[in-house]
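Chain by chain, the residues run as shown.
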Amino acid sequence: MEYSTDDILARLAPPPGAAADWTIPQAWRDYTRAEHAMWDRLFARQAAMLPGRVVPAFLEGLDLLGLSEPGIPDFDALSERLRKLTGWTVVAVPGLIPEEIFFGHLANRRFVAGRFIRKPEQSDYLEEPDIFHDVFGHVPLLAHPVFADYMQAYGEGGLRAMRFGAIHKLARLYWYTVEFGLIRDDSDLKLYGAGIVSSHGESRFALDDPSPNRLGFDLKRVLKTRYRIDDYQQTYFVIDSFDDLLRQTLEIDFAPLYRELESAPDIDIDSILPGDRVITRGTQAHAKSRLMGERHA
Ligand SMILES: [Fe+2]
């Protein structure tokens, strides 16, 4: 599809009240007491769930950034702490933003976060990421130097992928690492993906449930694998370390890879292939039961 310059500018035009880079003031003073209390409830629930399940670097990040202080974090204070550790900052945006703007922020070590917090009836399911997902889920690992470098590399890779029309392939890498990644920790598996660690249900499901496949991370494989946005994942990919993830992402030459993937078929969300490093062969009972429920509905 071809876009005129006007189309592109219109598509990239920020909504009223937002700056040219789509950032908005967090307006921290405007949060109500009920909104701060919602954060505290979600925080307490995950703080009780995660020790022993999440990668230790996540808990260290919470600590270093003072995220366990009560109430919704103030982005200015949070950014000041984070900048000293890894040079990242956190900026507020009004919900979903265009890809090129998103990648541009990441490439410049700015993490974009929604400023709104979910309503009490949305404690367990959210259609659009809120500040709890964005800040509690994503920001602690930005205090980890190697993960911080990976996030910047992802932003730079996104800007390059746009030129190859390969965004939807690269988005799978973000999905299966930054959002829903598992990591090996000695002989155990641990959580690190923000979509898991900010979800009460999935932080149990992803590690303990016999349903999902758990496969060793393989970059090319991940770029070919579909994912689901409406329920827990049917396959999780397990990295060996953040160093290994960063190395694999920096070493690969994406240009020929994107060309190769253009003609390669996508892999289904629950497939296990001959070359996969299988850690758990999932029963897929959860997905099957949901499907039965839908058929009976
Ligand atoms: Fe996220």
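The following refers to the structure shown. (Residues numbered from 1 in each chain as written. Predicted model: local features only at pLDDT ≥ 70, side-chain atom pairs only at ≥ 80, totals over all residues. Heavy atoms only, no water.)

## Some words on helix α3 (residues 56-64)
Operational definition: Relative accessibility decides the category of a residue: with a 1.4 Å probe and only protein chains considered, values under 20% of the type maximum give buried, values over 50% give exposed, and everything between is partly exposed. Under the scheme used here, helices are H or I runs from DSSP no shorter than 4 residues and strands are E runs no shorter than 2 residues, and both carry numbers assigned from the N terminus. An arc is given here, and it is the one of the directions from the helix axis to the C-beta atoms. When checking whether two residues touch, look at their non-hydrogen atoms; a contact exists if any pair is within 4.5 Å.
Turning to α3, its buried residues are Ala 57, Phe 58, Gly 61 and Leu 62. One side of α3 carries all its buried residues, which in axial view fall inside an arc of 145°. Where α3 is buried, its residues meet α2 (33-49), α6 (131-142), α9 (194-197) and α12 (242-251). Of the residues trailing α3, Gly 66 is marked for its positive phi of about 65°.

## Notes on the pattern of salt bridges
What counts here: What makes a salt bridge here is a side-chain nitrogen of Lys or Arg within 4 Å of a carboxyl oxygen of Asp or Glu, nothing more.
As enumerated under the stated definition, the model contains 15 salt bridges in all. We note a salt bridge from Arg 81 to Glu 69, for which the minimum N-O separation is 3.3 Å. Residue Arg 81 is located in helix α4 (residues 75-86), and its partner Glu 69 is located in the loop between α3 and α4; the two are separated by 12 residues in the primary sequence. With a relative accessible area of 44%, Glu 69 lands in the partly exposed category. Linking Asp 231 and Arg 290 is a salt bridge whose minimum nitrogen-to-oxygen distance equals 3.4 Å.

## Thoughts on the coordination of the iron ion
Just so we agree on the cut-off: Counted as donors are the N, O and S atoms within 2.8 Å of the metal, or 3.2 Å for Na, K and Ca, while water is not among the atoms, so some sites may look incomplete. Just to be clear on the cut-offs, tetrahedral is four donors with all angles between 85 and 135 degrees, square planar is four donors and octahedral six with opposite donors over 155 degrees apart and all others between 65 and 115, and anything else goes down as irregular.
Bound to the iron ion on the protein side are His 133 (NE2), His 138 (NE2), Glu 179 (OE) and Glu 179 (OE), at distances that span 2.0 to 2.8 Å. One can describe the site at the iron ion as irregular: its 4 donor atoms subtend angles covering 51 to 132° at the metal. Site description for the iron ion: donor spacing in sequence, H-x4-H-x40-E. Grouping residues by exposure puts His 133 and His 138 together as buried.

## Section: the packing of α3 against α6
The description of two helices packed together rests on the angle between their axes and the distance between the axes. Selection criterion: Between N-to-C directions, angles cover 0 to 180 degrees, with each direction set by a line fitted to C-alpha atoms, over the stretch in contact for helices. Reported orientations rely on four angle classes, namely roughly parallel under 35 degrees, roughly antiparallel over 145, roughly perpendicular from 65 to 115, and oblique for the rest.
Between α3 and α6, the shortest axis-to-axis distance is 7 Å and the interhelical angle comes to 95°. One finds that α3 runs roughly perpendicular with respect to α6. For the pair α3 and α6, contact is made by Ala 57, Phe 58, Gly 61 and Leu 62 and by Phe 136, Gly 137, Pro 140 and Leu 141, respectively.

## Quick look at unusual backbone geometry
A positive phi angle, close to 60°, is found at Arg 109, a residue other than glycine. Along the chain, Arg 109 turns up in the loop between α5 (99-107) and β2 (110-114). For Arg 109, a relative accessible area of 15% corresponds to the buried category. Unlike most non-glycine residues, Asp 186 shows phi in positive territory, near 50°. Using a relative accessible area of 72% as the deciding quantity, one classes Asp 186 as exposed.

## Description of the pairing of strand β1 (residues 89-93)
Here is the rule we go by: One bridge is not enough; two strands pair if DSSP finds at least two bridges between them. The definition of a right-handed crossover adopted here requires that, viewed with the strands pointing away, the path from the first strand over the helix to the second runs clockwise.
Taking burial as the measure, the 5 residues of β1 include 5 buried ones, the bulk of the element. By the alternation rule, side chains of β1 split into Thr 89, Val 91 and Val 93 and Val 90 and Ala 92, which are all buried. In the sheet, β1 pairs with β2 via 5 bridges, with the strands oriented parallel. Bridging from a neighbouring strand, Thr 89 pairs with Arg 110 of β2. Handedness of the β-α-β unit built from β1, α5 and β2 comes out right-handed.

## Considerations on the packing of aromatic side chains
Test applied: Only Phe, Tyr and Trp rings are paired, with Trp represented by its six-membered ring, and only when their centres lie within 6.5 Å; those with planes under 30 degrees apart are stacked, over 60 edge-to-face, the remainder tilted.
All told, the structure shown has 19 aromatic pairs when counted by the stated rule. When the centroid spacing of 5.7 Å and the interplanar angle of 55° are considered together, the rings of Phe 102 and Phe 103 count as tilted. For the pair Phe 102 and Phe 103, a shared accessibility class is recorded, and that class is buried. For the ring pair Tyr 176 and Tyr 227, a centre distance of 6.4 Å and an interplane angle of 90° mean the geometry is edge-to-face.

## Describing the side chain of Glu 202
Heads up, the rule is: Positive charges are assigned to Lys and Arg, negative charges to Asp and Glu, while His and the chain termini are left out of the count.
Locating Glu 202 in the fold gives a position in helix α10 (residues 200-208). One buried charge, Glu 202, has no salt-bridge partner; the nearest side chain with opposite charge is Arg 228, at 8.9 Å. Among all residues touching Glu 202, those that are not within four sequence positions of it are Phe 180, Ile 196, Tyr 232, Gln 233 and Tyr 236.

## Notes on the sheet that holds strand β6 (residues 235-239)
Note: strands within a sheet are paired through backbone hydrogen bonds, in either parallel or antiparallel orientation. Taken together, the 5 strands give an open sheet; going across it, the order is β4-β3-β6-β5-β7, and neighbouring strands pair in mixed fashion. Of all the strands in the sheet, just β4 (188-191) and β7 (278-280) have a single pairing partner and so form its edges. The average angle at which neighbouring strand axes cross in this sheet is 35°, direction not considered. By the bridge criterion, 4 bridges tie strand β5 (residues 213-216) to β6 in an arrangement that is parallel. Paired with Gly 216 across the bridge in β6 is Val 238. Against the sheet, α10 makes contact with β3 (182-185), β4, β5 and β6, and its axis sits at roughly 160° relative to β4, the strand it touches most.

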